[in-house]
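# Fold and geometry: a report
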Amino acid sequence: MIMLLIAALITVCVLRWEAWFSNPAENTYIVPAEPDNIIVGFGRNCFSRTVSWRSCKQLPSFAVIDGDTILTDGSKVVSRAGEAFYYRAEKDSLSAGVHSYFVQTGELRSEDYTFYVSDDDSLRLFVFGDIQEKDTLSPFYEFCDSVIYNLCRLQDMPAMFAYCGDVIDRPTDYAWQTWFTSLRGLQTLIPQVAAVGNHEYLKGINSDCDPRWPYIFSYPDNNAERFSGTTGYIDYPTLRLVVLNTQELFWLSDYTIAQTWLNKVLSEAEKKFTVVLMHHSVFSAAMKRSNPLIYATFRHTLKKADLVIAGHDHLYTRRAKVNTYLLEDSVSYSTPVFIVTSSSSKHYIPRISADDQRIGSTASFVEDITVSNGVMKIKTREMTTGSVYDEFVIYKENNEVLISDSLPEEHILLPERYKDVNNLYVRRFYNRSKARQEN
Ligand SMILES: [Fe+2]
């Protein structure tokens, strides 16, 4: 019996070797001496900002923000095929509006930049699913292009770009430069915050987060124990955005620590809207996928959240809590609302669960969220056209969720690369999509 189990284990490992243990090589790279990959993040609160950058040199460095000089030391970060020194400066108590800055390492000074601090009365955030692109010819690039085009309208300026993980394709310098290039400078203006995904980790038995991650993204100092640099929450007076790490959950104690921290953070949010970002979803959107430990650990706790946004499945689904009224033969919806979203050009086969009220496949989406006067408006837009695919409103006062009654027809399509495939999952897809259309 034991021999059979060992044989089965070896067979599974051989079949899954590529998926579990194989890492594409990182090409050798040289980092420039002048400040490079400049990026703005959140500091200790919503009116604090960090400015981070890298250089090949470790020299006296500083940022000048609104005329104030902030000194910083470099940290050497070594990846598989190169190294760089990363710098970070932070400034607090910033007023809402535009602030000017530049950074300098040694004698090499950056251009002048500005970053934006949003007013809590008119919060707008863009939330992305997986980007995970291999080159810059991508929906994400096109979306950033449209944001740049509209930047003249200050009232439309987002408070942040937030990501549900798999920002990059693999932990290589090439992948990071693809993401920075696609942003086209928006990362110097709009703070970037991200949950970490599996594509930011080197595969292996001891899967490690890319060493550049905590130097590129900054978090307030309020993380879960053991998850420094990958968890935290950002507090606005009306919004608490919580970033969870679902990738580094290995031991049972990891799950316990993460769940306890999440429960505390959501319980203490008081009257703020709570939005949770996580890479692996509680309710999987893709065929053949499920995250039973994530479901078992976080499902109950996440009932305290208003909106939970996950990625990983390269699909869109929305699932709000359903309230049924038998006598009136009607339904209404309330929080929490679970969204799985994708901003990638890579697409998976939809699971097509009857519990998902809205499904979208073979498209790339961005969540366009605004918060004001106790109302959160969520518009799921197709990234390349900006057209609204899903739309609903959450009222904080009574947790009611009101779904738009003028949504376009649902598009649930089989991704192109499965068109000539005839297997169990493709057949199941056709059967379920037919059944959904008939209902
Ligand atoms: Fe993923």
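Here, the structure is the one placed above.
Keep in mind the model is a prediction, meaning the values are calculated, not measured. (Residues numbered from 1 in each chain as written. Predicted model: local features only at pLDDT ≥ 70, side-chain atom pairs only at ≥ 80, totals over all residues. Heavy atoms only, no water.)

## Let's talk about the pattern of salt bridges
Throughout the structure, instances matching the rule amount to 23 salt bridges. A salt bridge links R54 to D36; the nearest nitrogen and oxygen atoms lie 2.8 Å apart. One end of the pair, R54, is in strand β2 (residues 49-55); the other, D36, is in strand β1 (residues 36-42), with 18 residues separating them in the sequence. Just as R54 is buried, D36 falls in that class too. In this structure, the salt-bridge partner of D368 is R381, at a minimum N-O distance of 2.8 Å. One end of the pair, D368, is in strand β22 (residues 365-372); the other, R381, is in strand β23 (residues 375-382), with 13 residues separating them in the sequence. (Salt bridge = Lys/Arg side-chain N within 4 Å of Asp/Glu carboxyl O. Helix = DSSP H or I, 4+ residues; strand = E, 2+ residues; numbered from the N terminus. Buried < 20%, exposed > 50% of the residue type's maximum accessible area, 1.4 Å probe, protein only.)

## Here we look at the coordination of the iron ion
Those donors, D166 (OD), N198 (OD1), H279 (NE2) and H312 (ND1), are the protein atoms that reach the iron ion, and they lie 2.1 to 2.2 Å from it. Around the iron ion, the four donor atoms sit at angles spanning 83 to 166°, and that spread fits a shape best called irregular. On the primary sequence, the residues serving as donors to the iron ion are separated as D-x31-N-x80-H-x32-H. Of this pair, D166 sits in the loop between β11 (160-163) and α4 (173-183) while H279 sits in the loop between β17 (273-278) and α7 (292-298), and the two are 113 residues apart along the sequence. Each member of the pair, D166 as well as H279, is classed as buried. (Donors = N, O, S within 2.8 Å, 3.2 Å for Na, K, Ca; no water. Tetrahedral: all angles 85-135°; square planar, octahedral: opposite > 155°, others 65-115°.)

## Some thoughts on the nonpolar core
Among the nonpolar cores identified, the biggest contains 71 residues, and F128, F161, Y163, W179, L277, L307 and M376 are the most heavily contacted of them. With near-sequence residues (within four places) excluded, Y163 lies in contact with F128, I131, F140, W179, L183, Q192, V193, A194, A195 and L277. Listed in part, the 24 residues of the second largest apolar core include Y233, L249, I257 and L266. (Core = buried A, V, L, I, M, F, W, Y, C linked by side-chain atoms within 4.5 Å. Contact = heavy atoms within 4.5 Å.)

## Observations concerning the pairing of strand β24 (residues 388-395)
Relative to β24, β23 runs antiparallel, the two sharing seven bridges. Looking across to β24, one finds that I378 is bridged to F392. Counted between consecutive antiparallel strands, the loop separating β23 from β24 contains five residues, among which G386 sits at a positive phi close to 80°. In this sheet, strand β25 (residues 400-403) lies alongside β24 in antiparallel orientation, the contact comprising four bridges. What sits directly across from Y395, in β25, is E400. Joining the antiparallel neighbours β24 and β25 is a turn of four residues, in which N399 adopts a positive phi near 60°. (Pairing = 2+ DSSP bridges.)

## Concerning the sheet that holds strand β6 (residues 82-91)
Read across the sheet, four strands follow the order β1-β2-β6-β5 without closing on themselves; strand pairing throughout is antiparallel. Two strands close off the open sheet at either side, each with one partner strand: β1 and β5 (75-79). With direction set aside, neighbouring strand axes in the sheet form an average angle of 25°. In the sheet, β5 pairs with β6 via five bridges, with the strands oriented antiparallel. Bridged to V78 within β6 is E83. (Axes fitted to C-alpha atoms, helices over the stretch in contact; angles between N-to-C directions.)

## Observations regarding helix α8 (residues 424-438)
Counting along an α-helix, one turn takes 3.6 residues, and residues three or four places apart therefore face a common direction. Relative to the 21 Å expected for 15 residues at 1.5 Å per residue, α8 spans 21 Å between its end C-alpha atoms, a close match to the ideal helical length. Of the residues making up α8, those classed as buried are V426, F429 and S433. Down the axis of α8, the buried set is contained in an arc of 50°. They therefore lie on one face. For α8, the exposed residues set more than 90 degrees away from the buried face come down to N431, K434 and E438. (Expected span 1.5 Å × (residues − 1). Arc of directions from axis to C-beta.)

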